[in-house]
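# Chains, contacts and geometry: an overview
Chain by chain, the residues:
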Amino acid sequence: MTLWGGRFTQTLNSLAWDLNSSLPVDQRMAVQDVDGSIAWADAIHAAGILSDEEHASISLGLATVRKEFSSGQFSFVPSDEDIHTAVERRLTELIGATAGKLHTGRSRNDQVATDFRLWMLGAIPALDAALKDLQSALVEQAEKAGETIMPGYTHLQRAQPILLAHWWLSHYWPLKRDRSRLTDLIPRVSILPLGSGALAGTPIPVDRVALAESLGFAEPSQNSLDSVSDRDFAAEYLFCATLTGIHLSKLAEQIVLYTSAEFGFFELSDAFSTGSSLMPQKKNPDVFELTRGKAGTLIGMLTGLLATLKGLPSTYDKDLQEDKAPVFAATDTLLAILPVITGALRTISAKPERMRAAIDSTMMATDLADYLVNKGIPFRETHAIAGKAVRLAGERKVGLEQIPLEAYQALSPAFEANVVQVFDPLKSVEKRNAIGGTSLQSVKNQIDRVKRLLSFEKS
Ligand code: ARG
């Protein structure tokens, strides 16, 4: 049974049927579809379309359908074109012809947009919780890192020493922004399309404010044409998911690099690394490589939906059926990745001695320039002097700390014996004490702040 056979004399070609059917994808919104129908039945009952008896029968029937879905007992039949058809078909089996009154004043166009938004309002907190858990793991590692120093890079070239804790927390903040982006999206998802009909609005005098409230939406949509065709929320959601994927990918890339023998800054726990079928020595960071790889897939899903939306004539077009698969897949992707990398990062071990060994005194060249700045020389000049010292060290194949004082004084008479202190990486770190810098105090403040934020969010 289709919901639209009246004007047709032939049945739909079976391959066209398969192409048209959306059940494999939209059955995931079964509970939301039933909830939307229960609320719609209430609304059209209040508007005088359903008698008390009909309303009671439909509500009871829908409650049974809902139970069948949540207990996994619902069976689909081949004629179920989509989730909306399946629910109405089952309701008809349960209560008979009265089921046919449920769709009065409603269209699958406002129905599907409602189901999808309801589904997303449930998915956002699930993603948020998974992101928060990853943030907690990062903060735990930052606390564990203590005073460990590692090289900080720009252009993947050794740049300046930083605290390992500072590095861990650098991955906390993007996730904080990702979470707030997701939360910011809620008011735009929480707008009810139901009651917009196919496009022009419903002829039933339903109280859409009450309907919105009963389904947990903030407000009803104000323009039926926009309401059935708007998929901005899906594009925004995919953007949020994709940007999170990109943040995870950047983090993953660093773990891949830093667990290599060349860096050796971290070692993955066995529980989160994989072996090679050929090379017995291999311990591979597959879960981080997959995280990196799936970011590419996420970008594709976002781009795909945007391309689908571009240039669609107003209002509902069947192209819009393509909206759900990428949103579901992106959600599944993140919910699969997040707990795994959270576990992997909770159990990764840092190798402070390898990090320390990767710091050489040229990484304190900026501190050398700053040393002369403290003697009153303009930074532009001190930068050039420090550069000459680096060149000299390179020529002599020694570290900056091994250049004798006389050679320094030949570069600038302002150098004194205490210049050697500049080459202590901890001193370099400690000088960066302004808010957001890598000094011990500054990072401690950062950890305190982040822990307060995380515990505040719990309540
Ligand atoms: N399966 C459709 C979708 O996902 C439901 C809406 C169908 N509307 C229609 N007029 N055929 O968009």
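Residues numbered from 1 in each chain as written. Predicted model: local features only at pLDDT ≥ 70, side-chain atom pairs only at ≥ 80, totals over all residues. Heavy atoms only, no water.

## Here we look at the overall build of the chain
Helix and strand counts for the chain stand at 19 helices and six strands. Over its C-alpha trace the chain gives a radius of gyration of 31 Å, far above what one expects of a compact globule, namely 23 Å for 459 residues. Of all 459 residues assigned to the chain, the portion counted as buried reaches 47%. Looking at the chain alone, contacts between residues at least 24 apart form 75% of all its contacts between residues at least 6 apart. Both charge centroids of the chain, one from 46 positive and one from 54 negative side chains, sit 7 Å from each other. (Helix = DSSP H or I, 4+ residues; strand = E, 2+ residues; numbered from the N terminus. Rg over C-alpha atoms; globule rule 2.2 N^0.38 Å. Buried < 20%, exposed > 50% of the residue type's maximum accessible area, 1.4 Å probe, protein only. Contact = heavy atoms within 4.5 Å. Lys, Arg positive; Asp, Glu negative; His and termini not counted. Charge placed at Lys NZ, Arg CZ, Asp CG, Glu CD.)

## Observations regarding the site of the ligand
Looking at the ligand, the residues that line it are Ser 22, Asp 26, His 84, Arg 108, Asn 109, Val 112, Tyr 316, Lys 318, Gln 321 and Lys 324. Taking Asn 109, its side chain carries an N or O atom lying 2.9 Å from a nitrogen atom of the ligand. Take Gln 321: an N or O atom from its side chain is 2.7 Å from a nitrogen atom of the ligand. Protein coverage of the free-state accessible area of the ligand, which is 340 Å², stands at 86%. (Near = heavy atom within 4 Å. Polar contact = N/O pair within 3.5 Å; in protein donor to acceptor, adjacent residues only side chain to side chain. Areas by Shrake-Rupley, 256 points an atom, 1.4 Å probe, with all protein chains shown as cover.)

## Details of the pattern of salt bridges
Tallied over the full model, the rule gives 30 salt bridges. Between Arg 28 and Asp 332 there is a salt bridge; the shortest N-O distance is 2.6 Å. Highlighted residues: Arg 28 in the loop between α2 (23-26) and α3 (30-46) and Asp 332 in helix α13 (residues 324-346), separated in sequence by 304 residues. Accessibility expressed as a relative area gives 34% for Arg 28, which makes it partly exposed. According to the relative accessible area criterion, Asp 332 is partly exposed, its value standing at 35%. (Salt bridge = Lys/Arg side-chain N within 4 Å of Asp/Glu carboxyl O.)

## As for the packing of helix α6 (residues 108-145) against helix α8 (residues 172-189)
The geometry of α6 relative to α8 is characterised by a closest axis approach of 10 Å and an angle of 165° between their N-to-C directions. Between α6 and α8, the crossing angle belongs to the class labelled roughly antiparallel. In this structure, the crossing between α6 and α8 has a hand that is left-handed. Between α6 and α8, the contacting residues are Arg 117, Met 120, Leu 121, Ile 124, Leu 127, Asp 128, Leu 131, Lys 132, Leu 134, Gln 135, Leu 138 and Val 139 on the first element and Tyr 172, Leu 175, Lys 176, Arg 179, Leu 182, Leu 185, Ile 186, Arg 188 and Val 189 on the second. (Axes fitted to C-alpha atoms, helices over the stretch in contact; angles between N-to-C directions. Parallel < 35°, antiparallel > 145°, perpendicular 65-115°, else oblique. Left-handed = near helix turned anticlockwise from the far one by under 90°.)

## Here's the deal with the packing of aromatic side chains
For the coordinates displayed, the defined rule picks out 20 aromatic pairs. Plain terms: the ring middles of Phe 116 and Phe 328 are 6.1 Å apart, the flat faces sit at 90° to each other, and that makes the pair edge-to-face. Of this pair, Phe 116 sits in helix α6 while Phe 328 sits in helix α13, placing them 212 residues apart in sequence. Considered together, Phe 116 and Phe 328 belong to a single accessibility category, that of buried residues. Here the aromatic residues Tyr 153, Trp 167, Trp 168, Tyr 258, Phe 263, Phe 265 and Phe 266 are joined through ring pairs into a cluster of three or more. (Phe/Tyr/Trp six-rings, centres within 6.5 Å; stacked < 30°, edge-to-face > 60°.)

## What about the pairing of strand β1 (residues 149-154)?
Pairing geometry for β1 and strand β2 (residues 157-163), over six bridges, is antiparallel. Each bridged residue has a counterpart across the sheet, and for Thr 154 the counterpart in β2 is Gln 157. Joining the antiparallel neighbours β1 and β2 is a turn of two residues, in which His 155 adopts a positive phi near 55°. (Pairing = 2+ DSSP bridges.)

## Points about the side chain of Glu 54
Examined against the element boundaries, Glu 54 turns out to sit in helix α4 (residues 52-70). Those residues within four positions of Glu 54 in sequence are excluded, and the remaining contacts are Ile 49, Thr 98 and Lys 101.

## Considerations on unusual backbone geometry
Residues Ser 314 and Thr 315 are joined by a peptide bond in cis, for which omega reads 5°. Relative to the elements of secondary structure, Thr 315 occurs in the loop between α12 (286-309) and α13. With a phi close to 60°, Leu 156 is a non-glycine residue in the positive phi region. Locating Leu 156 in the fold gives a position in the loop between β1 and β2. By relative accessible area, Leu 156 is classed as exposed at 52%. Residue Lys 397 is not a glycine yet carries a positive backbone phi of 55°. The topology assignment puts Lys 397 in the loop between α16 (379-396) and α17 (405-411). Residue classification places Lys 397 among the exposed positions, given a relative accessible area of 74%.

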